[in-house]
Number of protein chains: 2
Amino acid sequence: MADYKAPLRDMRFVLHEVLNLEDHYQNLGVEELNRELVDAFLEEGAKFAMNELDPLYRSADEEGCQYHNGEVTTPKGFKEAYQKYVEGGWPSMNGDPEYGGQGLPNSAGTAISEMIGTANWAWNMYPGLSHGAVATLESHGTDEQKNTWLPKLVSGEWTGTMCLTEPHCGSDLGLLKTKAEPRDDGSYTITGTKIWISAGEHDMADNIVHIVLARTPGAPEGTKGISLFIVPKFLPDADGNPGQRNDLVCGSIEHKMGIHGNATCVMNFDGAQGFLIGEENKGLNCMFTFMNFARLGTAIQGVAHAERGFQVALDFARERLAMRSLSGPKNPDGPADPVIVHPDVRRMTLTAKAFAEGGRAMTYYASTLGDLVNQGDEEAENLMALLTPIAKAFLTEVGVESAIHGIQVCGGSGYIREWGAEQNLRDAKISTIYEGTTGIQALDLLGRKVLQSQGEQLRVWTKIIHKFCQSLEGDEAMKEFIEPLAARNEEWGNMTMELGQKAMQNPEEVGGASVDYLMYAGYVSLAYFWARMAKTAQEQLDAGTTETAFYQAKIDTARFYFRRLLPRCDAHKGAIEGGLECLMAIEDEHFMF
Amino acid sequence: MADYKAPLRDMRFVLHEVLNLEDHYQNLGVEELNRELVDAFLEEGAKFAMNELDPLYRSADEEGCQYHNGEVTTPKGFKEAYQKYVEGGWPSMNGDPEYGGQGLPNSAGTAISEMIGTANWAWNMYPGLSHGAVATLESHGTDEQKNTWLPKLVSGEWTGTMCLTEPHCGSDLGLLKTKAEPRDDGSYTITGTKIWISAGEHDMADNIVHIVLARTPGAPEGTKGISLFIVPKFLPDADGNPGQRNDLVCGSIEHKMGIHGNATCVMNFDGAQGFLIGEENKGLNCMFTFMNFARLGTAIQGVAHAERGFQVALDFARERLAMRSLSGPKNPDGPADPVIVHPDVRRMTLTAKAFAEGGRAMTYYASTLGDLVNQGDEEAENLMALLTPIAKAFLTEVGVESAIHGIQVCGGSGYIREWGAEQNLRDAKISTIYEGTTGIQALDLLGRKVLQSQGEQLRVWTKIIHKFCQSLEGDEAMKEFIEPLAARNEEWGNMTMELGQKAMQNPEEVGGASVDYLMYAGYVSLAYFWARMAKTAQEQLDAGTTETAFYQAKIDTARFYFRRLLPRCDAHKGAIEGGLECLMAIEDEHFMF
């Protein structure tokens, strides 16, 4: 099996050279977070990912989680790795200093999350889910709640979950039925069943703090009657340590396609004690606060699977000997050439590479926006609102594609478990589903963000792309990137106007075009990041860098992206032009005879 | 889990109404194979697939095959189902009557294979692999060999395998090392290790007849020194029954992403007795005889996974309630609308449907060509040679895509094993790899078939499409299909000419364009079949059929294909125009830093 190698050089390129993170942190007022410190974090994160988590990648998949009588045993090594993670202070990086956090901006943790997630996504989900609970409490908890829950969550001693889905509803939370009945002491009695609760039960931490969506008696129907509750596995005692066991239990765990190392739990709340967060019936609003961050986390999962697909393909393609290059032997002393000489093997490997590295730039950029949003920057919030569904859905879709390329390059070996390529696809497929499916993200993008704002939210982004292109007019070296980028950017705007007009006549048009529209948006947005990276690389080459090979490879990959992947926009544009009618014509009963 | 429903109405539509199978059989001289008889076969095949094999779909995946001490136990129920299959006379359908076969044309079994394969691909591979052994022996065996091996293989009492791959070589058979040393009695001693031998060992039949590629002493290097041998698990005794155990053993079975019910074996030949088929060093030629049939069999696997993806999506989409239609409630008395009302759910479901039904027409058509090839028809052979790589690679790629849609429509349920959607993707992914990867098929199509024949082999096909379009000029109802089909057909020819010119300057251009070229070819070819199906349906509607809903749905699906899927040609055309250089620029060591 191919070991994971943290792409540190590429991460530094994106963070320092493309995004100028040091300047960003100065603007944020966290000057202490300089380049050296960021690099030190990266080095340590890489070590943890490669030495502690990657070795458990396959064994955790094989073992899975074991369920017995309400308890879940995680795969061998998970608990120990988590202990080291807590001891290393990783969970507290972004936490509020008032509750023991290090107060670093979110973006400082993005590359770490990527490495940890690429090394072992199933493991990464345990601490990953805690972030949602922490963010929710930080934004909406009372001081007393913060004091009770945050220190242990921030330190990582306890973990958190988000309990949304019920057996009859996933995407449509308005249908949920879990009940929350007020008690005399101001707390609530929570009763109901939640499913697909990632990390809902496990043996890695002393307590698990569930954030649960439920309805109070007489609450309005639909999404306007949902409230949010803290429901811990153990109620804290007077010293704040895990005390009395609460009336909730894990009923079973799911058997899934992948992420076997993460426990996906059915959680039965049988009159558990819960504590309201924020106001009654405002639960969904509270959820949305952190949802963008969770979605960005899933976008990073897309990058993780693209990177893993790329690395497994590259390892195999360099080692495996088969056939001769069509332009003559490249390894004349061997029995055959390494398969990396074959153009189609390169095409698949480069596709995964272009998605991984491009996605890295996109998600790191989005995470710097997140820092600005946390400081109340409204323009950043608008931009983040637009980019989040694009990053989440587009990057997870191309993450799945990249995982498929990883298998395909390895041929039969890719289909055999030993090599690890097939696990990458099995783990990847959930990413287009949870935290809002691709279809949900696409409706969010086109319906809520783009069209409801009369295109205003889109223009924030297309204007950035436009200005970038304008600033490079006459730059001969960049022409091959800037011309198609500018053209696509304009086409995107025109396409949006046409769609807007159609949608005024028939709102269904939004749903008919949405996913193709989102994928189109993804390809154009990624083209912007590839053009920016090419520009940065070109500047280094012009300045006489000694790292010629690195920067030249960047430009070569950008060129590959523009020439071989960006044309996919035409397929999506063509499909959108194909219209809604052909989707709706067949009657439901006539799909099959 | 969604049960498999054999799409009998659609099969009859393709076989009788589109392909006029009865006429075809009259031309072949098998008049007894009339419509009633074909339909009776279909009914019986459907029963067997739905009642005997589909119930084992998930349990076989869960259990997998068990290996112990050289022996393989297949999942519960596999052996019993195989016994019924043999008793039902299914294995002998296409066999030579001289050896107990029913002598029916290959095409008569295609729909049966599809149903059996869709119900349970892992099971289907056991009898499926036998076909290769039978075809090889029928074409290249001596009379004595035929008498010894064919009766038991044709009846299904024994099964067969094809032993090609070795640990160091899959696609590049020229590297294989298994030795065959002549014995005094004219037989050979076979020594070597073969891997990934599907059905190499199992408990379903009394004997297993391996067809093994090996090298005799002093044979030329590469593919010109490969010979073909019969190497049975048990050597037949004087009565032709399994006698002495041969010196070969299954060393282990692989743990794979999917098709768990099929044993993928490491086969160790430790001085086993083998019998030469055909001439020494002509082994690969003998293999090619049956390879087209095996590849067509894998094309059918693509259809199977598309159908299964379609059915699982459709079942879920009709049942699951979530959100309201954007154009107002469609299920006002329920808590939400069934998700099939949402345009994007329809898009995914229709995509799988269009690939399944279109692929059905393509593979059934190809199998009628196969009948003509078996009668020595040279034009059919040329056409089959062209269509085989298209059908194999394109249909398996879109089969994988359809399996992904099947999961995605089901959302979280699609990722959970219980629903069966995720197994469909795990089973499907092997189809783009074995029997020649998509990349190998694409080189075969563009390099060997199209360009080596100076486009002659392509023109056989594009001329058929052209004539079809010409014959419908002025047909207003068909205009929406014929115009884009004719335009794409012409574009295909032009693109081929340009590629031919580039390839003369640099042979690597073939590899750089091949897979995009193949996918382009697949979309245009499928468009031809969809246009033909639309025409047939239109004729029925014009003639006042009572089955209005069926034929209208056919036209609606054709329209969906032309409007929403055919535009993907532009992405592939654009990628081809992107050229080779951007694939080759990066040096092997500079893919990652």
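Attention in this report is confined to the structure presented alongside it. Given the structure is predicted, the values throughout are model-derived calculations rather than measurements.

Our next topic: the overall build of chain A. Each helix and strand counted, chain A has 20 helices and eleven strands in total. For 593 residues, the compact-globule estimate of 2.2 N^0.38 gives 25 Å, and the C-alpha radius of gyration of chain A, at 24 Å, lies within 12% of that figure. Structurally, chain A occupies a C-alpha span of about 80 × 65 × 60 Å along its principal axes. The buried share of chain A, reckoned over its 593 residues, is 65%. Contacts in chain A between residues far apart in sequence, at least 24 positions, make up 74% of those at least 6 positions apart. As presented, chain A carries roughly 20700 Å² of accessible surface, and 47% of it is formed by carbon and sulfur atoms.

Let us now look at the pattern of salt bridges. Counted by the stated rule, this structure contains 71 salt bridges over all chains. Measuring nitrogen to oxygen at the nearest pair gives 3.5 Å for the salt bridge that ties Asp 315 of chain A to Lys 5 of chain A. You can see Asp 315 of chain A sitting in helix α9 (residues 283-319) and its partner Lys 5 of chain A sitting in the segment before α1 (8-18), a full 310 residues away along the chain. Given the relative accessible area of 15%, Asp 315 of chain A is considered buried. The closest approach of N and O atoms between Arg 58 of chain B and Glu 62 of chain B, which form a salt bridge, is 3.4 Å. Of this pair, Arg 58 of chain B and Glu 62 of chain B both sit in helix α4 (residues 57-63), four residues apart, which is roughly one turn of that helix.

On to the relation of the copies chain A and chain B. For the pair chain A and chain B, the best superposition has an RMSD of 0.0 Å and corresponds to a rotation of 180° with a translation of 0.0 Å parallel to the axis. As the rotation angle and translation indicate, the two copies are arranged about a two-fold axis. Counting the interface residues of chain A, we find that 100% of their copies in chain B are interface residues as well, pointing to one common contact surface.

Before going further, it helps to examine the interface of chain A and chain B. It is common to give the size of an interface as the accessible area that goes away when the parts come together. Taken together, the contacts link 103 residues of chain A with 104 residues of chain B. Regarding the contact of chain A and chain B, the summed buried area is about 8800 Å², with carbon and sulfur atoms giving 64% of it. The largest per-residue losses of area from chain A upon contact with chain B belong to Tyr 415, Arg 564 and Phe 591 of chain A, which jointly make up 11% of the total buried on that side. For the pair chain A and chain B, the number of links is four salt bridges. Across the salt bridge formed by Asp 516 of chain A and Arg 564 of chain B, the nearest N and O atoms sit 3.1 Å from each other. Where chain A packs against chain B, one counts 42 residue pairs in polar contact (both at pLDDT 80 or more).

Rules used in this analysis
- Residues numbered from 1 in each chain as written.
- Chains lettered and ligands numbered in written order.
- Predicted model: local features only at pLDDT ≥ 70, side-chain atom pairs only at ≥ 80, totals over all residues.
- Heavy atoms only, no water.
- Helix = DSSP H or I, 4+ residues; strand = E, 2+ residues; numbered from the N terminus.
- Rg over C-alpha atoms; globule rule 2.2 N^0.38 Å.
- Buried < 20%, exposed > 50% of the residue type's maximum accessible area, 1.4 Å probe, protein only.
- Contact = heavy atoms within 4.5 Å.
- Areas by Shrake-Rupley, 256 points an atom, 1.4 Å probe, with all protein chains shown as cover.
- Salt bridge = Lys/Arg side-chain N within 4 Å of Asp/Glu carboxyl O.
- Least-squares fit on C-alpha atoms with pLDDT ≥ 70 in both.
- Buried area = accessible area lost by both parts, 1.4 Å probe.
- Polar contact = N/O pair within 3.5 Å; in protein donor to acceptor, adjacent residues only side chain to side chain.

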